[in-house]
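Descriptive analysis of the structure
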Amino acid sequence: MRNSNASARFEQRDRAELHPCRTLRRTDRVVDSSAQPLVLALLLVACKPIAPPPMVAMHADTSAAPRESTTFMLILGTAGTVLGGGGWGFAIRGEYQATNRTATGLELTAGLGSEADGDKDHLETKHKLFAVRGYGRFTPRTHDWIAATYSLGLTAMDTGLLAMTAHGGTAVSYVNDSASPVLHVGFATTMLLHDGTPFGEPKKTPETDGFVFVDAGLVGKVENGRLTLDAGFAGALESGEIVIGASIGAGNQF
């Protein structure tokens, strides 16, 4: 009997070592697997449910487009968290250069991800995310290498979660006619309006959270359009989770 109990304890310990979510739960940390959206506002997954951060990838440099011009973009991306899990998503943007210094835009996002199951070696239990966001970019008249960014939006998940998102940031870039590198830093927040159904393992609902983000991109100029690459990370201030993601985009200006 003693050998049987010892064997059971060793088996339990080995399973905990194989699965980070179970290991964290043993140390009394909050540990849920969950679906999250990316920096492209995609759906991500982690060992704890965190409030979905808004998409902050610029996919543009800091310079202003010609006044009254309109740019449409399609963006595809993937994201995940340090503790595991992942997902993908896409966004459609329409951007209008309202003045010589201010651009405004509307973005629609959809994402799909899976809960990371701490007891299994694969991902399962799909979740969907949808988001709408209005955003803006302000470029000083005499300095096209810097810009202020801001946004306000709504995010919903198929769990019933509903949240308001916002961000404010500063971007710098080396503007040229071929490929412009961009660095974007700032603060974002997700404020829960409705918790929805708990999810993850054990079942929980996310909490309102703030994020500090750092984002880097490359904008290639192609005739009246652009091809873009972006990668970045966001650190959640409340949950302590780190979200990382990458995305590509293509757009045309009219």
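About the criteria used
- Residues numbered from 1 in each chain as written.
- Predicted model: local features only at pLDDT ≥ 70, side-chain atom pairs only at ≥ 80, totals over all residues.
- Heavy atoms only, no water.
- Helix = DSSP H or I, 4+ residues; strand = E, 2+ residues; numbered from the N terminus.
- Buried < 20%, exposed > 50% of the residue type's maximum accessible area, 1.4 Å probe, protein only.
- Contact = heavy atoms within 4.5 Å.
- Areas by Shrake-Rupley, 256 points an atom, 1.4 Å probe, with all protein chains shown as cover.
- Lys, Arg positive; Asp, Glu negative; His and termini not counted.
- Salt bridge = Lys/Arg side-chain N within 4 Å of Asp/Glu carboxyl O.
- Polar contact = N/O pair within 3.5 Å; in protein donor to acceptor, adjacent residues only side chain to side chain.
- Pairing = 2+ DSSP bridges.
- pLDDT = per-residue confidence, 0-100.

1. What about the overall build of the chain?
A tally of helices and strands in the chain yields 2 helices and 12 strands. N-terminal to C-terminal, the α/β element order of the chain is α-α-β-β-β-β-β-β-β-β-β-β-β-β. Taking all 254 residues of the chain together, the buried fraction comes to 48%. Long-range pairs, those at least 24 residues apart, make up 58% of the contacts in the chain between residues at least 6 apart in sequence. Of the roughly 12,300 Å² of accessible surface on the chain, a fraction of 60% belongs to carbon and sulfur atoms.

2. A look at the side chain of arginine 226
Here arginine 226 is to be found in strand β11 (residues 225-236). No salt bridge is formed by the buried arginine 226; the nearest opposite charge belongs to glutamate 95, separated by 4.6 Å. Here histidine 59 takes part through its backbone oxygen, which lies 3.1 Å from a polar atom of the side chain of arginine 226. Ignoring anything within four residues of it in the chain, the contact list for arginine 226 reads His59, Ala60, Thr71, Met73, Val219, Gly220, Gly249, Ala250 and Gly251.

3. Points about the pairing of strand β8 (residues 162-173)
With 11 bridges connecting them, strand β7 (residues 146-157) and β8 associate as antiparallel partners. Looking at the pairing, alanine 148 lines up with threonine 170 of β8. Remark: 4 residues form the turn of the hairpin made by β7 and β8, two consecutive strands paired antiparallel; glycine 160 in that turn has positive phi of roughly 100°. Where β8 and strand β9 (residues 179-194) come together, 12 bridges link them in antiparallel fashion. Paired with threonine 165 across the strands is threonine 190, a residue of β9. The antiparallel hairpin formed by β8 and β9 contains 5 residues in its connecting segment.

4. Quick notes on the pattern of salt bridges
As enumerated under the stated definition, the model contains 4 salt bridges in all. Where glutamate 107 meets arginine 93, a salt bridge forms, and the shortest distance between an N and an O atom there is 2.6 Å. Taken together, the residues glutamate 107 in strand β5 (residues 102-116) and arginine 93 in strand β4 (residues 86-97) connect sequence positions 14 residues apart. Pair check on accessibility: glutamate 107 and arginine 93 agree, each one buried. When the shortest N-O distance is used, the salt bridge between glutamate 95 and arginine 137 registers 2.7 Å. Residue glutamate 95 is found in strand β4, and its partner arginine 137 is found in strand β6 (residues 123-138); the two are separated by 42 residues along the sequence. We note that glutamate 95, like arginine 137, is buried. Overlapping salt bridges bring together Arg93, Glu107 and Arg133 as one network.

5. Describing unusual backbone geometry
A positive phi angle is found at histidine 59, which is not glycine, with a value near 55°. Here histidine 59 is to be found in the loop between β2 (44-46) and β3 (70-81). Positive phi, normally seen in glycine, also occurs at glutamate 223, with a value near 50°. In this fold, glutamate 223 is placed in the loop between β10 (209-222) and β11. Classification of glutamate 223 as exposed rests on a relative accessible area of 84%.

6. Notes on the environment of alanine 60
Residue position: alanine 60 is located in the loop between β2 and β3. Exposure remark for alanine 60: the relative accessible area of 3% places this residue in the buried category. In the structure, alanine 60 is positioned 122 residues away from valine 182 in sequence and 7.9 Å away in space, judged by C-alpha atoms. Ignoring anything within four residues of it in the chain, the contact list for alanine 60 reads Arg137, Val182, Val219 and Arg226.

7. Thoughts on the confidence of the model for the chain
Here the chain shows a mean pLDDT of 81. Residues at 70 or above account for 74%. Averaged pLDDT values over the elements of the chain bottom out at 33 in strand β1 (residues 34-36) and peak at 97 in β8.

8. Considerations on the side chain of arginine 93
Take arginine 93: its relative accessible area is 5%, and that puts it in the buried class. Within the local environment of arginine 93, its side chain forms a polar contact with the side chain of glutamate 107, the two groups lying 2.6 Å apart. Setting aside its immediate chain neighbours within four residues, arginine 93 contacts Met55, Ala57, Met58, His59, Thr71, Phe72, Met73, Ile75, Leu106, Glu107, Arg133 and Tyr135.

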